[in-house]
Amino acid sequence: MQCAILCAGFATRLYPLTETIPKHLLPVAGRPVLDYVVERLAAVGIDRGVLVTNRTFVDQFHGWAAKEPLAANLQILDDKATSNENRLGSIGDLQFALTQGGIQDDFLVVNGDNLFTFALDGMLETFRRLGNTIALYDVGSESETAKMGVADCDAVGRVIAFREKPPVPGTTVASIGIYVYRAEVRSLVDRYLAEGNSADKTGSFVEWLHQEVPVFGHRIRAEDGLWFDIGSHEQYDESNRMLERLQQPQRDNSLPPEPMS
């Protein structure tokens, strides 16, 4: 299985932080956001695939990949966008990744501004057992859920309805931008765009896709790990605080014992 990591956004809500550096490479607890992403992928054996970025930041991603051993097998693709006005959108970039990156088999898609510490083993097991799978997580408030996608699932987990950015979510559980798809979905991406559907959001594609083929939700619990969407200054600051706190015991344990008096 290969991955498609989507990193072509311009993150204008995070200006001035992201005027000269993509948010996917912003440091969190001393490491770029993408380090956490490729680490989680490598832990389940996914170390090959494509990262799509834009013309403005492509050189920075090449620089990051040259220093990150876990990115050695990632193709860095430039979608040639230079601003929000001429960007391809998330699904346009996914199509670009699948065609230009030569992905033919089953594939995992992750929005590159996802920062998460949970393992992906459970989600991949759901995929192997049931098929196309989306990650669901309790984001803590309906105001946050309203910015994302909401899936209604039946007793076996099949998505029977999906709402992208609903004004009244009625739940705090949201789709968090991690998807595992069968190879057949590759042609459905082409069809979705050919029909004139929105290229902007990965959730809009799920909203369409679940009516074409079975899609299942995999619920990730808070005890499985943390998740952050680096979409605002507040969320960025919170991710730094939480990851620093999480890593502090590890640093303390690595210190040599104090000499006895």
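What follows concerns the pattern of salt bridges. Counting across every chain of the model gives 11 salt bridges. Notably, a salt bridge pairs D35 with R31, separated by 3.9 Å at the nearest N-O pair. By relative accessible area, R31 is classed as partly exposed at 24%. Between R182 and D106 there is a salt bridge, with its nearest N and O atoms 3.6 Å apart. Of the two residues, R182 sits in the loop between β11 (173-181) and α6 (185-194) while D106 sits in the loop between α3 (90-100) and β6 (107-111), which places them 76 residues apart along the sequence. For R182, a relative accessible area of 27% gives the class partly exposed.

Attention shifts here to the pairing of β6. The buried fraction of β6 is high, at five of five residues. Judged by which residues are buried, β6 turns out to be covered on both faces: F107, V109 and N111 on one side and L108 and V110 on the other are all buried. Where strand β1 (residues 2-6) meets β6, five bridges bridge the pair, whose relative direction is parallel. Along β6, the bridge assignment pairs C3 with L108. Summarising the sheet, β6 and β11 pair through four bridges and their orientation is antiparallel. Paired with F107 across the two strands is Y181, which belongs to β11.

Angle between the axes and distance between the axes: these two values describe a pair of packed helices. In the contact formed by α3 and α6, the axes pass within 10 Å of each other and the chain directions differ by 140°. Of the possible angle classes, the one that applies to α3 and α6 is oblique. With respect to the hand of their crossing, α3 and α6 are arranged in left-handed fashion. When α3 is examined against α6, the residues I91, G92, L94, Q95, L98 and T99 are found in contact with a partner set consisting of R186, V189, D190, Y192 and L193. Here the contact of α3 with α6 is composed, by residue class, of six nonpolar, three polar and two charged.

What follows covers helix α1 (residues 33-43). Of all 11 residues in α1, eight are buried; the element is thus mostly enclosed. Taken as a whole, α1 has its buried residues at V33, L34, D35, Y36, V37, V38, R40 and L41. Once α1 ends, the next one or two residues include G45, with phi positive near 85°.

Evaluated as defined, the whole model comprises nine aromatic pairs. Judged by centre distance (6.0 Å) and plane angle (90°), the ring pair of Y181 and F205 falls under edge-to-face. With a gap of 24 residues between them, Y181 in strand β11 and F205 in helix α7 (residues 202-209) connect regions that are remote in the sequence. Taken together, the ring pairs connect F107, Y179, Y181, Y192, F205 and W208 into an aromatic cluster. Here the basic side chain of R31 rests over the ring of Y36, its NZ or CZ set 4.6 Å away from the ring centre. Above the plane of the ring of F127 lies R182, whose end atom (NZ or CZ) is 4.3 Å from the centre.

Turning our eyes to something else, we now look at the nonpolar core. Core analysis: the biggest nonpolar cluster contains 39 residues, and I5, L34, W64, L108, F118, I176 and I178 have the highest contact counts within it. Looking at this core, the elements that each hand over two or more residues are β1, α1, α2 (58-67), β5 (74-78), β6, α4 (121-130), β8 (133-138) and β11. When neighbours within four sequence positions are excluded, L108 is seen to be in contact with M1, Q2, C3, A4, L41, I46, L120, L124, I178, Y179 and V180. Ranked by size, the runner-up nonpolar core spans 32 residues in total, among them V52, V109, Y181 and V215.

Among the structural elements, K23 can be located in the loop between β1 and β2 (27-28). Residues contacting K23, with those up to four places away along its chain left out, are A11, L14, T18, V33, D113, I230 and G231.

Cut-offs and rules
- For every chain, the first residue of the written sequence is number 1, and numbering continues from 1 along that sequence.
- Residue-level local features of this predicted model are given only where pLDDT is at least 70; pairs of side-chain atoms are given and counted only at 80 or more, and the full residue set underlies all totals for whole chains, interfaces and linings.
- Here the side-chain values reflect all heavy atoms present in the structure, with hydrogen atoms and water set aside.
- Take a side-chain nitrogen of Lys or Arg and a carboxyl oxygen of Asp or Glu: if they are within 4 Å of each other, that pair is a salt bridge.
- Type-normalised accessible area, obtained with a 1.4 Å probe on protein chains alone, sets the label of each residue: buried when under 20%, exposed when over 50%, and partly exposed for intermediate values.
- A run of H or I in DSSP counts as a helix once it spans at least four residues, and a run of E counts as a strand once it spans at least two, with each numbered from the N terminus.
- Whether two strands pair comes down to DSSP finding at least two bridges between them.
- To obtain an axis, a line is fitted to C-alpha atoms, over the contacting stretch when the element is a helix, and the angle between two such axes runs from 0 to 180 degrees between their N-to-C directions.
- For classification, angles of less than 35 degrees are called roughly parallel, those exceeding 145 degrees roughly antiparallel, those between 65 and 115 degrees roughly perpendicular, and all remaining angles oblique.
- For any pair of crossing helices, the crossing counts as left-handed if the nearer helix is rotated counterclockwise from the farther one by less than a right angle, and right-handed if it is rotated clockwise.
- Residue contacts are defined here by distance: any two heavy atoms, one from each residue, within 4.5 Å place the two residues in contact.
- Each residue is assigned to one class: nonpolar for Ala, Val, Leu, Ile, Met, Phe, Trp, Tyr, Cys and Pro, charged for Asp, Glu, Lys and Arg, and polar for all the others, Gly among them.
- Working definition: rings of Phe, Tyr and Trp (its six-membered ring) pair if their centres are within 6.5 Å, and the pair is stacked with planes under 30 degrees apart, edge-to-face with planes over 60 apart, and tilted otherwise.
- The criterion for a charge sitting over a ring is simple: Lys NZ or Arg CZ within 6 Å of the ring centre, and within 35 degrees of the ring normal.
- Note on terminology: a nonpolar core comprises buried Ala, Val, Leu, Ile, Met, Phe, Trp, Tyr and Cys residues joined through side-chain atoms within 4.5 Å.

Geometric values such as these leave the question of function open.
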